[in-house]
Amino acid sequence: RIKDKGKGHVEGHLLGARVQYDMDNRTSLYGGQQLGVTDINDSFTTLGVRRKISENLFVYSQGGVGPMGHSVVAGVERFVGTKNSHYTNYTLSDSEIDGRTSTTSFGSNTAVSETATLRRERQFVSSDTRGTYAGSLIGYENRVTPELTFDATYQRRDEKHRPFTIAATDSEARDAATGRVAYIKPDKY
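Residues numbered from 1 in each chain as written. Predicted model: local features only at pLDDT ≥ 70, side-chain atom pairs only at ≥ 80, totals over all residues. Heavy atoms only, no water.

A.B. asks: So, a nonpolar patch on the surface: which residues are in play, and what are the values?
C.D. replies: Residues Leu15, Leu35, Val37 and Ile40 make up a contiguous nonpolar surface patch of roughly 400 Å² in combined accessible area. Take Leu35: it is sitting in strand 4 (residues 27–36). Assessed through its relative accessible area of 39%, Leu35 is described here as partly exposed. (Patch = residues over 30% accessible without salt bridge, like charges linked within 9 Å, V, L, I, M, F, W, Y side chains within 5 Å. Areas by Shrake-Rupley, 256 points an atom, 1.4 Å probe, with all protein chains shown as cover. Salt bridge = Lys/Arg side-chain N within 4 Å of Asp/Glu carboxyl O. Helix = DSSP H or I, 4+ residues; strand = E, 2+ residues; numbered from the N terminus. Buried < 20%, exposed > 50% of the residue type's maximum accessible area, 1.4 Å probe, protein only.)

What follows is the structure, given as structure tokens:
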């Protein structure tokens, strides 16, 4: 929960789930639910679609709503070979913590072994309450078995160094670490 809204300190625990339905070999629909374990107001529901438009190019869009705000995302991902990709997406959101925000993200997924992928992302954020700043993300995903995957991510929002900021706030840099375990069993029907 927010300890100091002006500085954006957040504490809490979340539990999430996502389901995906492959309509055909080109289109997938998905939905997700994030539940706030320590505060129900941290809950968030998303619905999205991903569409293959060429052999190595995908587009996707998703929307999300929750008690503390809402967001929409549109993006494109291009695969280089079978295991590496580059992506960009644009997010518009409105939340209690960050206000109205637009985020442009550029990232890549790089296979470092047959089962492991390294994810890097750079974010450029403009917020009506926090000003303009950048963020960086690095993640590691490892497929333990064909059905079981482990993912760890670290994100740093550098709000102290904001050379283009017009709005002056007392926000500090924010760090976030997340872990995820996914078990995916393909539909047998």
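A.B. asks: Give a description of the sheet that holds strand 11 (residues 131–143) that names residues and reports values.
C.D. replies: Strand order across the open sheet formed by eleven strands is 3-4-5-6-7-8-9-10-11-12-13, with antiparallel pairing between neighbours. With partners counted over all chains shown, the strands left at the sheet margins are strand 3 (14–22) and strand 13 (174–183), one partner each. Averaged over all neighbouring strand pairs, the angle between strand axes comes to 15°, with direction disregarded. Bridge analysis of strand 5 (residues 44–54) against strand 6 (residues 57–66) gives nine bridges, and the strand direction is antiparallel. Looking at the pairing, Lys52 lines up with Phe58 of strand 6. (Pairing = 2+ DSSP bridges. Axes fitted to C-alpha atoms, helices over the stretch in contact; angles between N-to-C directions.)

A.B. asks: If you had to explain the pattern of salt bridges to someone new, which residues and values would you point to?
C.D. replies: Tallying each qualifying case throughout the model produces ten salt bridges. In this structure, Arg180 engages Glu141 in a salt bridge whose closest nitrogen and oxygen atoms are separated by 3.2 Å. Residue Arg180 is located in strand 13, and its partner Glu141 is located in strand 11; the two are separated by 39 residues in the primary sequence. The class for Glu141 is partly exposed, based on a relative accessible area of 26%.

A.B. asks: Can you explain the side chain of Glu77? Please cite residues and give values.
C.D. replies: One can find Glu77 in strand 7 (residues 69–80). Polar side-chain contacts of Glu77 include one of 3.0 Å to the side chain of Arg50. Setting aside residues up to four positions removed in sequence, Glu77 forms contacts with Arg50, Asn56, Leu57, Phe58, Tyr60, Ser85, His86, Tyr87 and Asn109. (Polar contact = N/O pair within 3.5 Å; in protein donor to acceptor, adjacent residues only side chain to side chain. Contact = heavy atoms within 4.5 Å.)

A.B. asks: Mind laying out the pairing of strand 9 (residues 99–111), listing which residues take part and the relevant values?
C.D. replies: When strand 8 (residues 84–95) meets strand 9, the two strands line up antiparallel, connected through eleven bridges. The partner of Thr91 across the bridge, within strand 9, is Thr103. As consecutive antiparallel partners, strand 8 and strand 9 are separated by three residues. Pairing of strand 9 with strand 10 (residues 116–127) involves eleven bridges; the strand directions are antiparallel. The residue of strand 10 that forms the bridge with Thr101 is Ser127. The antiparallel hairpin formed by strand 9 and strand 10 contains four residues in its connecting segment.

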